[in-house]
Amino acid sequence: MKLSQNLDENIASLREQVPLEKSFDLMHRTLTLGKTKAFFLGVNGFCKTEILQQIFADLQDPLYVQKEEIIDIAAYVSAKIGYVQTSLADSWETVLQNVLSGPASLFVDGFAQAILIDVRTYPTRGIAEPDLERATRGARDGFVETLLFNANLIRRRVRAADLCFAMHSIGSDSRTDVAVAYLGHTVNQDLLKKLTDAMDSLTATSLTMGTKSLEELLVHKHWWNPLPAIQMTERPDVACSYLLEGHILVLVDNSPLVMILPCSIFQFTQSPEDYYKSPSVGTYFRLIRLLCIPVSLLLMPLFLLAGAWFPEFSARIGLLADQDITPQRLFFYVMAVELLLDLFKYSSSVSSGKFSGSLSIVGGLLIGDMAVGLNWASVEVLFYAAVTLLASLSITSTEFSDGIRLYRMLLVAATGFFGLPGFLSGLFLVLLSVATTPTFGGYSYFWPLFPFNKKALGRLLLRSPTPKAQPTKVWDRGKVHD
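Rules used throughout
- Residues numbered from 1 in each chain as written.
- Predicted model: local features only at pLDDT ≥ 70, side-chain atom pairs only at ≥ 80, totals over all residues.
- Heavy atoms only, no water.
- 1 Å grid on protein atoms, 1.4 Å probe; cavity = no way out; pocket = protein on both sides within 12 Å on 5 of 7 lines; lining within 4 Å.
- Points joined across faces, edges and corners; volume = space filled by probe spheres on them.
- Phe/Tyr/Trp six-rings, centres within 6.5 Å; stacked < 30°, edge-to-face > 60°.
- Buried < 20%, exposed > 50% of the residue type's maximum accessible area, 1.4 Å probe, protein only.
- Pairing = 2+ DSSP bridges.
- Helix = DSSP H or I, 4+ residues; strand = E, 2+ residues; numbered from the N terminus.
- Axes fitted to C-alpha atoms, helices over the stretch in contact; angles between N-to-C directions.
- Contact = heavy atoms within 4.5 Å.
- Salt bridge = Lys/Arg side-chain N within 4 Å of Asp/Glu carboxyl O.

Trainee: Help me out: how do you make sense of empty space enclosed by the protein in this one?
Mentor: To find leftover empty space, one rolls a probe the size of a water molecule over the atoms. Tallying each qualifying case throughout the model produces one cavity of 30 Å³ or more. Each pocket or cavity is described by its volume, and for the largest cavity that value is around 30 Å³. Taken together, Phe268, Thr269, Arg289, Ile293, Ile395 and Thr396 make up the full set of residues lining the largest cavity.

Trainee: Where do I start with the packing of aromatic side chains in this structure?
Mentor: Each aromatic ring pair is specified by the distance between its two centres and by the angle formed by the two planes. Scanning all chains against the criterion turns up eleven aromatic pairs. Ring centres 6.4 Å apart and planes at 50° place the aromatic pair phenylalanine 332 and tyrosine 333 in the tilted group. A relative accessible area of 39% places phenylalanine 332 in the partly exposed class. A relative accessible area of 2% places tyrosine 333 in the buried class. Arranged with centres 6.3 Å apart and planes meeting at 50°, the rings of phenylalanine 417 and phenylalanine 418 form a pair that is tilted.

Trainee: Help me understand the sheet that holds strand 9 (residues 248-252), please; the structure alone is not making it clear to me.
Mentor: Pairing between the strands of a sheet is mediated by backbone hydrogen bonds and can be parallel or antiparallel. Overall, antiparallel pairing links the five strands, which are arranged 6-7-9-10-8 in an open sheet. The strands lining the two open edges of the sheet, one partner per strand, are strand 6 (163-170) and strand 8 (231-233). Within the sheet, the average angular offset between the axes of one strand and its neighbour, ignoring direction, is 25°. Alignment of strand 7 (residues 176-183) against strand 9, held across four bridges, turns out to be antiparallel. Pairing of alanine 179 across the sheet is with leucine 251, part of strand 9. With respect to the sheet, helix 8 (residues 211-218) is in contact with strand 6, strand 7, strand 8, strand 9 and strand 10 (258-261), its orientation differing from that of strand 10 by roughly 30°.

Trainee: Would you explain the sheet that holds strand 4 (residues 104-108) in this entry?
Mentor: Judged by pairing direction, the sheet is antiparallel, and its five strands sit side by side in the order 1-2-4-5-3 without closing on themselves. Taken across any chain shown, the strands that pair with only one partner, and hence form the sheet edges, are strand 1 (26-33) and strand 3 (86-89). Between one strand and the next, the sheet's axes are offset by a mean angle of 25°, whatever the strand orientation. Bridge analysis of strand 4 against strand 5 (residues 114-117) gives four bridges, and the strand direction is antiparallel. Bridge pairing in strand 5 links phenylalanine 107 to alanine 114. Docked against the sheet, helix 1 (residues 7-17) engages strand 2 (36-43) and strand 4, running at close to 20° with respect to strand 2. Helix 2 (residues 49-59) rests against strand 1, strand 2, strand 4 and strand 5 of the sheet, and its axis sits at about 15° to strand 4.

Trainee: Mind showing me how you'd approach the pairing of strand 1 here?
Mentor: Side-chain direction in a regular strand flips from residue to residue, so the side chains alternate between the two faces of the sheet. Here strand 1 pairs with strand 2 via eight bridges, running antiparallel. The residue of strand 2 that forms the bridge with leucine 26 is valine 43. Linking strand 1 to strand 2, which pair antiparallel, is a turn of two residues; within it glycine 34 sits at a positive phi near 70°.

Trainee: Where do I start with the pattern of salt bridges in this structure?
Mentor: Close approach of charged atoms allows side chains of opposite charge to pair. Scanning the model with the defined rule gives 13 salt bridges in all. In this structure, the salt-bridge partner of lysine 2 is aspartate 90, at a minimum N-O distance of 3.6 Å. With a gap of 88 residues between them, lysine 2 in the segment before helix 1 and aspartate 90 in the loop between strand 3 and helix 5 (92-101) connect regions that are remote in the sequence. Residue classification places lysine 2 among the exposed positions, given a relative accessible area of 57%. Among the ionic pairs, lysine 212 bridges to glutamate 399, the shortest N-O distance being 2.8 Å. With a gap of 187 residues between them, lysine 212 in helix 8 and glutamate 399 in helix 15 (residues 398-435) connect regions that are remote in the sequence. Sharing partners across several salt bridges, the network here consists of Lys212, Glu215 and Glu399.

Structure below.
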């Protein structure tokens, strides 16, 4: 709907669309600019009041305006408003979307256009290193909930002239700002077009959980695909490294997470820690992390399989100190300890930092000792469970680690009930679930293993020295399906 040239009609339309008199945070007042009446609207807390006061003081200064009438609003904005971020809008949808996002609006009598003055400022927390992606050395900044700040963190590191942040608005109610960041000379144009078309065609009322909600709207996964389909990061250095390699970044306002497209399973084995150490040390720890994935997945199920279903083999290798434990009791031990460790992990993550350390360490020792004393667990089960937990915690991506944890519970349950056939069947289901994990854009989840790219696979498995690791070209991922 278009604005009216009559100021009173525009004010009446505003009162019908927004609760001017009821909502305390909506600032509005009538102004006189020379001989012309005007009406101001803004959101308290979103506008820099000191800048607005200076602008309005100049517009109402008799020496400045000389009591003139406004004839051409575009010329008036160019001549009288010295603030840089100003624009004109002629539709109510554009005006209200901007006002509710932060910019102030000025309606002038006689013109069917409103002056938008972008003096927005958002409440924000300090730029600090993200807790889940810490590095012993390197940058200590991290993305925050303000989209503009995140874009600045990226542009500070990548000063390419063709770096673009294309803006989209998603959500009929929330109208959340979403920016797609890419380098013009390296981006995959087909992927960029598919992402742009997908965002423009999304039908959603809001992005309640920010980046996570957008991920689920873009990639439709089944309940049997617990592994993440899109990589996310809170570190600007990680995001920029992928950007320079030809990836696309998606920034969502009100969320500190940045999406990286396209995605493969090997990206979840990477860590910025590798690049803040020497190449040999970084390669060693990267291979350790890769080894932790099968350890986290298979150690407990294999221990249960050998101890419960192959007692002769278990006795020969000394797997259990007490060989009289029945398969049913050993299965109960493993399940009880798995659930107990999950309880400790969850409680320590949501509790205050003052208590989480003592809760996870002291509480784990006390309850573990009590469980052994009450015959609810064995020392061997606690040991293998602790090794499994350490392997899980060493995986960089917590979402990927949680997916592996669900797979492990499936293998433990299948092994406990059905033995070797159950273990093999569960392992087949796990592999099938991983193989069918969808990605955005039709690219392989197992690249560069499939389609095979020897050089790219070597770069992912081994930490290359900086002169050899420069992103001089975009890797050909090979599209699997449309």
